Amino acid sequence: MIVIIDYGMGNVGSIQNMLAWIGVDACVSADPEVLSRADKLILPGVGAFDNGMRRLKEAGFVTLLNELVIDQQKPLLGICLGMQLLGTGSEEGLLPGLGWLDAASHRFRFETSLLTLKVPHMGWNSVEAVAQSPLFAAIDAPRFYFVHSYHLVCGCKADVLAQASYGFPFVAAVQRENIFGVQFHPEKSHKFGMSLLRNFAERC
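Residues numbered from 1 in each chain as written. Predicted model: local features only at pLDDT ≥ 70, side-chain atom pairs only at ≥ 80, totals over all residues. Heavy atoms only, no water.

Caption draft 1: Summary view of the pattern of salt bridges. Considering all chains together, one arrives at two salt bridges under this definition. In this structure, Arg109 and Glu91 form a salt bridge, with 2.9 Å as the shortest nitrogen-oxygen distance. A residue pair is termed long-range when its members are at least 10 positions apart, and Arg109 in the loop between strand 6 (103–107) and strand 7 (121–126) and Glu91 in the loop between strand 5 (89–90) and strand 6 qualify at 18 residues. For the salt bridge of Arg176 with Asp159, the shortest nitrogen-to-oxygen distance reads 2.7 Å. Linking Arg176 in strand 12 (residues 169–176) with Asp159 in the loop between strand 10 (150–154) and strand 11 (160–165), this pair joins segments that are 17 residues apart in sequence. For Asp159, a relative accessible area of 4% gives the class buried. (Salt bridge = Lys/Arg side-chain N within 4 Å of Asp/Glu carboxyl O. Helix = DSSP H or I, 4+ residues; strand = E, 2+ residues; numbered from the N terminus. Buried < 20%, exposed > 50% of the residue type's maximum accessible area, 1.4 Å probe, protein only.)

Printed below as a string of structure tokens:
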């Protein structure tokens, strides 16, 4: 079973509904015992970085997730803020992240007057895989829905799985062994999101 971690940050109902639509057994839970029995985990996230880390710590999830994901190697998919929390920190806040990736979140900045793009980056955008991964298997010309003001900058290029462009190329997905992350919202991305979540459930 896939367990969607309920720590008060993210579209947990939408993710569960999308998984149910494609026939994947999943539940939403804040119970450490349920998380411990999960085959795979999804860490959603909408909102501010420090608030996300604070809620994870207050729920006792940081230590538990380190045990499940790092020690036991259970696959985990971070979505939007959930992907940013995989890194070491963010310009948005002061608290350290989970630290599983050598990466930090930076605010979109456009230094040339030729670029008058709005922040947050919001709406549909094309995504290009830059490395092979089961997460993007059999997805042709993928397009996903984004809503974010910060983007992950990876210190290790090998962790970058896919990119998109908004004024400049930015990291749209990451993978390090059993740890996956996507900046976009697969639960809002129709057929492309269904395919990606199915891949996570069946191939990753």
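Now that the structure has been shown, we can carry on.
Caption draft 2: Fine view of the environment of Leu41. Structurally, the position occupied by Leu41 is in strand 3 (residues 40–43). Between the alpha carbons of Leu41 and Ile5 there is a distance of 7.0 Å; along the sequence they are 36 residues apart. Those residues in contact with Leu41 that sit more than four places away from it in its chain are Val3, Ile5, Leu35, Leu65, Leu68, Val69, Pro75, Leu76, Leu77 and Phe200. (Contact = heavy atoms within 4.5 Å.)

Caption draft 3: Up close: the packing of helix 1 (residues 12–21) against helix 6 (residues 190–202). With their axes 10 Å apart at the nearest point, helix 1 and helix 6 run at an angle of 80° to one another. When the axes of helix 1 and helix 6 are compared, the pair comes out roughly perpendicular. Along the contact surface, helix 1 presents Met18, Leu19 and Trp21, while helix 6 presents His190, Met194 and Leu197. Considered class by class, the residues forming the contact of helix 1 with helix 6 number five nonpolar, one polar and no charged. (Axes fitted to C-alpha atoms, helices over the stretch in contact; angles between N-to-C directions. Parallel < 35°, antiparallel > 145°, perpendicular 65-115°, else oblique. Nonpolar A, V, L, I, M, F, W, Y, C, P; charged D, E, K, R; others polar.)

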